[in-house]
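Topology and contacts: notes
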Amino acid sequence: VTTTTYREAIRSALREALRSDPRVFLMGEDVGRYGGAFAVSRGLLEEFGPERVRDTPLSESTFVGAGIGAALGGMRPIVEVMTINFSLLALDQIVNHAAAIRHMSGGQLSVPLVVRMATGGGRGLAAQHSHSLENWYAHIPGIKVLAPAIVTDAHGMLLAALQDPDPVFLFEHATLYPMEGDLDAEAPLDIRHAAVRREGTGVTLVTYGGSLGKALAAAERLAADGVSAEVVDLRVLRPLDTATVLASVAKTHRAVVIDEAWRTGSLAAEVSAQIMEGAFYELDRPVARVCSAEVPMPYARHLEEAALPAVDTIVATARGMLGGDG
Amino acid sequence: MDRDHAHLLLGEMLRIRRFEEKAAELYSLGKIRGFLHLYIGEEAVAVGAMQALRPEDAIVSTYREHGHALARGIPAGVLLAELFGKASGCSRGHGGSMHFFDASRRFYGGYAIVAGGLPIATGLALAEKMQGRPGVVACFFGDGAVDEGEFSESLNLAALWKLPVAFVCENNLYAMGTALDRHQAQTDIRLKAEHHGMPAQAVDGMDVLAVEDAMRATVEAVRREGTPRFLEARTYRFRAHSMADPELYRTKEEVERWKERDPIATLAARLREQGLLTDAELAAAAAAAEAEITEAVAFAEAGPWEPVEDLTKDVATP
């Protein structure tokens, strides 16, 4: 176990994959000479050359589609899309093609494609670089959707994605890139299960990606008040590991879902529905959600902070569930 | 002209024509559901183009891909079974008319998002190049695809990265019901390809021999240079866009004028003129196509249905 950053953990997984499998290559906007918009791939062009670290034109739909074609042709492409908002330009290739080809071909073809992109707000980038649309991807059968929230997962989930025979999408919350943490390079590769990041008995905080830190900070503050919060990191947004969530709720009888996406039609809504279907009689209180305000992300700091889920709100919401026995 | 080869081309066009006529009939009988986009009138393009391709080459097509699939050698029965929605179909009944696949013949699909196949063809060519394989990717699409961003993006990427793609535009003059000069400011499609830095050629898509020659030159250049080429085949569909189309956007006179250039009739007439085809041989070729399609219908009828228990089986790879 070493200490490193989330960014370096991804880079080290990319390097390992490029070294160990000649079929692997990386392509995307500015992944080569520039070193990646978030500096994730810095140094890889020098190490692996322009055949395997490919700068693409600004053609999201076509370089994602080319990733599909290359995967069909026997390669293991890793496509970096600069941000989730830009990925909307490639939705046709993702939804109508990558996700459908396995089924549509009667099971003849698989698409072992890995797509990575930055997601989320908090950086003053306003309404076209800051959204959390992971839920749109999690809606789609035929793909897997991952949201690594810790350094070890940033590394291991990428390597696991490359072993998967079907399209896998990794959403990297952009505020996490400089985050330092332990990298356990020997941890078993797992893209099936949620993880309990903090054990507790009084309330379950369910979250993923960039909101994990906020949930853990909220749990810390709740603990100071004598409230024991359990924190579940979903990790895998599709297929959801409902069992881990339900097991936690069966223990705590209260759940708050924290999701940086807009509330309406959110992944938080899906988790809430799963809890209602699977653990209704375990609940002492209705499931609560802490999501982003329903507004295109504003630029000004105070407005953006007001729009995003905040530790204060999570703490207040959890506290509000704890009065009496229900 | 090689007599046997000319007969082969004629026979291939006849079997596509008969397949499509039968499909239309079965659609009317309710045996086929959904959309059905017929290739009647355009047979010379698929048949001529396919002559230039080898087994190691890959094909990406559109929702009007019955002709390409037949010309590539996917058995008619398997294709008709797909139209019936049978598990014995080429896509197990998951795809239907618009989504024929055959991995064993490197037929990477009919795609029904206009221009959606171009990026995939470009990526397949990238895989050929990166693995040092000799395959060329033939990518078929219509004039409507030229409107889409992916057209420009894919031509650019293939040219920029020097990828072995033969882009084949089947210009049948209509994007569904919108005439070419009503959806493109520049109607000379070939120029658009040249603008992206690749050699481009236009060919009479009603003349199977001309298409074959042009496609051979195109594919040989792609194979030799490892860079993309563009071929525009100027053709026409005799039938409606799909079975649901009342054809309000073009005149009967226009359709009749194009039918005078029927690729099957014109080839047959030319061969007869040159003494390379007798009436008896033509009748025999038509009968062979008829027999093949009759057998294909029987195969499709006899095929099993996918069990409903397997509804979601192929969503993910086991």
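Each value, and the rule that gives it
- Residues numbered from 1 in each chain as written.
- Chains lettered and ligands numbered in written order.
- Predicted model: local features only at pLDDT ≥ 70, side-chain atom pairs only at ≥ 80, totals over all residues.
- Heavy atoms only, no water.
- Helix = DSSP H or I, 4+ residues; strand = E, 2+ residues; numbered from the N terminus.
- Rg over C-alpha atoms; globule rule 2.2 N^0.38 Å.
- Buried < 20%, exposed > 50% of the residue type's maximum accessible area, 1.4 Å probe, protein only.
- Contact = heavy atoms within 4.5 Å.
- Areas by Shrake-Rupley, 256 points an atom, 1.4 Å probe, with all protein chains shown as cover.
- Lys, Arg positive; Asp, Glu negative; His and termini not counted.
- Charge placed at Lys NZ, Arg CZ, Asp CG, Glu CD.
- Pairing = 2+ DSSP bridges.
- Axes fitted to C-alpha atoms, helices over the stretch in contact; angles between N-to-C directions.
- pLDDT = per-residue confidence, 0-100.
- Core = buried A, V, L, I, M, F, W, Y, C linked by side-chain atoms within 4.5 Å.
- Parallel < 35°, antiparallel > 145°, perpendicular 65-115°, else oblique.
- Phe/Tyr/Trp six-rings, centres within 6.5 Å; stacked < 30°, edge-to-face > 60°.

In this section: the overall build of chain B. Looking only at helices and strands, one finds 12 helices and eight strands in chain B. The C-alpha radius of gyration computed for chain B amounts to 19 Å, which stays within 12% of the reference 20 Å derived for 318 residues, consistent with globular compactness. Viewed in the frame of its principal axes, chain B has a C-alpha envelope of about 60 × 50 × 40 Å. Per-residue burial over chain B gives 59% buried out of 318 residues. When contacts within chain B are restricted to residue pairs at least 6 apart in sequence, those whose partners lie at least 24 apart make up 74%.

Below, the discussion takes up the overall build of chain A. Along its length, chain A carries 13 helices and 14 strands. For a compact globule of 326 residues, the expected C-alpha radius of gyration is about 20 Å, and chain A comes in at 20 Å, within 12% of that figure. Burial statistics for chain A: of 326 residues in total, 61% are counted as buried. For chain A, restricting intrachain contacts to residue pairs at least 6 apart in sequence, the fraction spanning at least 24 positions comes to 81%. Of the roughly 12,200 Å² of accessible surface on chain A, a fraction of 53% belongs to carbon and sulfur atoms. On chain A, the mean spot of the 28 positive side-chain charges and the mean spot of the 39 negative ones are 1 Å from each other.

All names here are of chain A. Reading across the sheet, the five strands line up as E9-E11-E10-E13-E14 and stay open at both edges, with mixed pairing between neighbours. Looking along the sheet, the strands with just one partner apiece sit at the ends: strand E9 (195-198) and strand E14 (288-292). Neighbour-to-neighbour, the strand axes of this sheet turn through a mean angle of 25°, independent of strand direction. Pairing geometry for E9 and strand E11 (residues 229-233), over three bridges, is antiparallel. If you follow Val196 over to E11, its bridge partner there is Val232. Where helix H10 (residues 242-252) meets the sheet, its contacts fall on E9, strand E10 (203-207), E11 and strand E13 (255-262), and the angle it forms with E11 comes to roughly 175°.

Checked against the element boundaries, Ser211(A) lands in the loop between E10 and helix H9 (212-224). Residues within four places of Ser211(A) in sequence aside, it is in contact with Ile258(A) and Glu260(A).

All names here are of chain A. Taken in spatial order, the seven strands line up as E3-E2-E4-E5-E7-E6-E12 in an open sheet, and their pairing is mixed. Single-partner strands in this sheet number two, and they are strand E3 (53-55) and strand E12 (236-238). If you compare each strand with its neighbour and ignore which way they point, the axes differ by 20° on average. Of the strand pairs in this sheet, strand E4 (residues 76-83) and strand E5 (residues 114-119) are connected by five bridges, and their pairing is parallel. What sits directly across from Val81, in E5, is Met117. Packing of helix H3 (residues 60-72) onto the sheet brings it into contact with strand E2 (24-28) and E4, and relative to E4 it is tilted by some 165°.

With 100% of its residues at a pLDDT of 70 or more, chain B has an overall mean of 97. Taken together, the chains of this predicted complex give a pTM of 0.97 and an interface ipTM of 0.97.

With 88 residues, the main nonpolar core has Leu72(A), Ile101(A), Tyr137(A), Ile275(A), Phe141(B), Phe167(B) and Phe230(B) as its most contacted residues. If you tally residues by element for this core, the top one is helix H5 (residues 117-130) of chain B, at eight residues. What Phe167(B) contacts, discounting residues up to four positions off in sequence, is Leu118(B), Thr122(B), Cys139(B), Phe141(B), Ser154(B), Leu155(B), Ala158(B), Met198(B), Pro228(B), Arg229(B), Phe230(B) and Leu231(B).

A few words now on the packing of helix H1 (residues 3-28) of chain B against helix H9 (residues 208-225) of chain B. If you want to describe how two helices pack, look at the angle between their axes and the distance between the axes. Residue and element names in this part refer to chain B. Between H1 and H9, the shortest axis-to-axis distance is 11 Å and the interhelical angle comes to 105°. When the axes of H1 and H9 are compared, the pair comes out roughly perpendicular. Two secondary-structure elements touch here, H1 through His5, Leu9 and Met13 and H9 through Val208, Leu209, Glu212 and Arg216.

Residue Pro239(A) follows Arg238(A) across a cis peptide bond; omega there is -5°. Topologically, Pro239(A) is positioned in the loop between E12 and H10.

In this section: the packing of aromatic side chains. All names here are of chain B. Tallying each qualifying case throughout the model produces 13 aromatic pairs over all chains. Centroid distance Phe141 to Phe167: 6.4 Å. Interplanar angle 65°. Geometry classified as edge-to-face. Taken together, the residues Phe141 in strand E3 (residues 137-142) and Phe167 in strand E4 (residues 165-171) connect sequence positions 26 residues apart. For Phe141, a relative accessible area of 2% puts it in the buried group.

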